[in-house]
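Chain by chain, the residues:
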Amino acid sequence: MVTATDPSPTDNAHEFSVAELSRELKLAVEDRFGSVRLRGEISGWKVPASGHAYFTLKDEGAVIDAVMWRGQRGRLDFAPEDGLEVVASGKVTTYAGRSKYQIVVDRMRVAGAGALMALLEKRKTALAAEGLFAAERKRPLPYLPRTIGIVTSPTGAVIRDMLHRLADRFPRDVLLWPVRVQGEGAAEEVAAAIAGMNALADPPDLLIVARGGGSIEDLWAFNEEAVVRAIAASDIPVISAVGHETDTTLADLAADHRAPTPTAAAEAAVPVRANLRAGIADLAARLERGGARATGQRAERAAMVAARLPAPQALLAARQQRFDDLGARLPPPLVILERRRERLATITARLPRALSTAADRAAIRLGSVAGRLSPTLATRRIEQEEAAATRAAAALRRGALNRLTTFSQTVAAAGRVLASLDPRGPLARGFALVETSGGRVVTAAATATAEAALKLRFADGDVDVVVDGAAAPSPAPVLTSTSLSASPVPAAKRRRKPPPAAGQSDLFGSGPNE
């Protein structure tokens, strides 16, 4: 039996301080586990302001703390998140401040394609729930863009194939924004390039995000959330051409159009210029044929309509006949003139009588008023009445003179019209008026040959003639000696027209009222 006062077998053991023991443990652990590779699931991933990442790696039976310094974290080619299975490489060490051990991770990769696909499906579900892949967000591509922006690596075969295809189909201006398409920082560069294209003062009309084929790890940058959101926020229509035809990334789902290859993206961006020229030529030919056919149809229809229209002479004949009928109903100019003269004479005869009647009425009124007023007032009233009578007489006289002037002008105008219609005017210029013995005017050669005697009226007198017989008509529209000959009437039988009776107007002479 050993009592408390008895010496213990460990009494001779070295006595450590807490710091010494922690240091010894740290050296022992780091010496034994200086380089390890650990497979586990990320949990509690967080990055404070320092930029270092703190998280835990766990499996079904245990949990170990992990830390990844900022420099190593920046070299990751994927975005770590909770639930992602990874393979971490580093060294195990201790943390004396909390008396615990941890792994300092230098490198980390996704555990396998299965884990990547699980992460991809999880991210796809979350982004689809936000509507970033909705079909109604897709915009049509411009038919013939003026400038095409391309976001891809400047050194790969992708850009050369795309430029070659664009030159073959329809050469366009190309704006290249060089980026890394794989590895550390590739997703951030692609997202920044898309945003930069949209921020240009003269942005391109179409944007192509392209990369060649590769494994799922190689294409992982185009599955990052930053790239997907940049494509969805682009104001420029985007064509995604990442990998081969069987490769599908989240960038393809967010883009307005997915091309199976970068070459196919160039083909979707522009049409074939030769096909456009052939199409335009075909449309021009069809337009020309259609125009000719339409013109022919309209010409045929116009000819059919014109054939059903009456002759212009028939349309005018009825109106000409009505015009002649209305003209025959009008009174002769001499009758109109005679009526105007009679009306003027009546007004002239009534004017002195109207003036004297107005003066007599004013005098009677003045006398009546003067008998009822005192001499002074009577005188003043008489003067006022005289002034009023004078003004009334002057107004009546002016009105009468105005009416007389108006009628005079009307008569003068009618006289000018009559003078222009006077048949003696042409006689003074050498023409002759042919009449029958009964005084009817002869207007046709057939009428003249049917008469036995005619009368030729000249400006200075009349000549009686007899018809010589049915002679050939003269080509001139005047009578000549071949159709009519002067009658050998002695000079004594030639007479002038007797002067008109007094007070009667003469058609060929001046009447008393003219």
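Predicted, not measured: the structure shown is a model, and the values here were computed from it. (Residues numbered from 1 in each chain as written. Predicted model: local features only at pLDDT ≥ 70, side-chain atom pairs only at ≥ 80, totals over all residues. Heavy atoms only, no water.)

A contiguous patch of positive charge on the surface is contributed by R340, R343, R350 and R403. When residues of the positive patch are assigned to their parent elements, the largest contribution, three residues, is made by helix α11 (residues 333-372). Secondary-structure assignment places R340 in helix α11. Given the relative accessible area of 31%, R340 is considered partly exposed. (Patch = residues over 30% accessible without salt bridge, like charges linked within 9 Å, V, L, I, M, F, W, Y side chains within 5 Å. Areas by Shrake-Rupley, 256 points an atom, 1.4 Å probe, with all protein chains shown as cover. Salt bridge = Lys/Arg side-chain N within 4 Å of Asp/Glu carboxyl O. Lys, Arg positive; Asp, Glu negative; His and termini not counted. Charge placed at Lys NZ, Arg CZ, Asp CG, Glu CD. Helix = DSSP H or I, 4+ residues; strand = E, 2+ residues; numbered from the N terminus. Buried < 20%, exposed > 50% of the residue type's maximum accessible area, 1.4 Å probe, protein only.)

Turning our attention to the sheet that holds strand β9 (residues 238-242). Strand order across the open sheet formed by five strands is β7-β6-β8-β9-β10, with parallel pairing between neighbours. Each end of this open sheet is capped by a strand with a single partner; those strands are β7 (173-178) and β10 (257-258). As paired strands, β9 and β10 are joined by two bridges and run parallel to one another. Note on β10: the bridge partner recorded for S240 is R258. Sheet strands in contact with helix α4 (residues 157-169) are β6 (147-152), β7 and β8 (206-211), and its direction is about 165° off that of β6. (Pairing = 2+ DSSP bridges. Contact = heavy atoms within 4.5 Å. Axes fitted to C-alpha atoms, helices over the stretch in contact; angles between N-to-C directions.)

Reading around the circumference, β1-β2-β3-β5-β4 is the order of the five strands in this closed barrel, with mixed pairing throughout. Within this sheet the neighbouring strands show an average axis-to-axis angle of 55°, counted without direction. Sheet analysis places strand β3 (residues 63-68) next to strand β5 (residues 100-110), joined by three bridges and oriented parallel. In the strand pairing of β5, D65 is matched with Q102.

Of the strand pairs in this sheet, strand β12 (residues 453-458) and strand β13 (residues 461-467) are connected by six bridges, and their pairing is antiparallel. Considered in β13, the bridge of L454 is made with V465. Between β12 and β13, which follow one another and run antiparallel, lie two residues.

Turning next to the confidence of the model for the protein. For the protein, per-residue confidence averages 79 on the pLDDT scale, and 80% of positions sit at 70 or higher. In the predicted structure, residues 470-514 sits below a pLDDT of 50 and forms 46 contacts with residues beyond four places in sequence or in another chain. (pLDDT = per-residue confidence, 0-100.)

Once that is clear, we can look at the side chain of E224. Among the structural elements, E224 can be located in the loop between β8 and α6 (225-232). For E224, a relative accessible area of 8% translates into the label buried. Not counting the four nearest positions on each side in its chain, E224 is found in contact with D77, F78, A79, R123 and A187.

What follows is about the packing of α4 against helix α8 (residues 262-269). It is at 8 Å that the axes of α4 and α8 come closest, and there the two elements cross at 30°. Here α4 is positioned roughly parallel relative to α8, judged by the angle of their axes. When you trace α4 past α8, the crossing you get is right-handed. Contact residues: V158, D161, M162, R165, L166 and R169 in α4; P262, T263, A266, E267 and A269 in α8. Looking at the contact of α4 with α8, its residues break down into six nonpolar, one polar and four charged. (Parallel < 35°, antiparallel > 145°, perpendicular 65-115°, else oblique. Left-handed = near helix turned anticlockwise from the far one by under 90°. Nonpolar A, V, L, I, M, F, W, Y, C, P; charged D, E, K, R; others polar.)

Another aspect to go through is the nonpolar core. Within the largest apolar cluster, 51 residues are counted, with the highest numbers of intra-cluster contacts made by F55, M108 and F222. In contact with M108, not counting residues within four places along its chain, are I42, W45, F55, M68, L76, F78, P80, V86, V87 and A88. In this structure, I208, I239, A241 and A265 belong to the second largest nonpolar core, which totals 18 residues. (Core = buried A, V, L, I, M, F, W, Y, C linked by side-chain atoms within 4.5 Å.)

The next point concerns the packing of aromatic side chains. Applying the stated rule across the entire model yields one aromatic pair. Measuring from ring centre to ring centre gives 5.0 Å for W45 and F55, while their planes differ by 35°; the resulting arrangement is tilted. One end of the pair, W45, is in strand β1 (residues 36-46); the other, F55, is in strand β2 (residues 53-58), with ten residues separating them in the sequence. By relative accessible area, which is 4% here, F55 ends up buried. (Phe/Tyr/Trp six-rings, centres within 6.5 Å; stacked < 30°, edge-to-face > 60°.)

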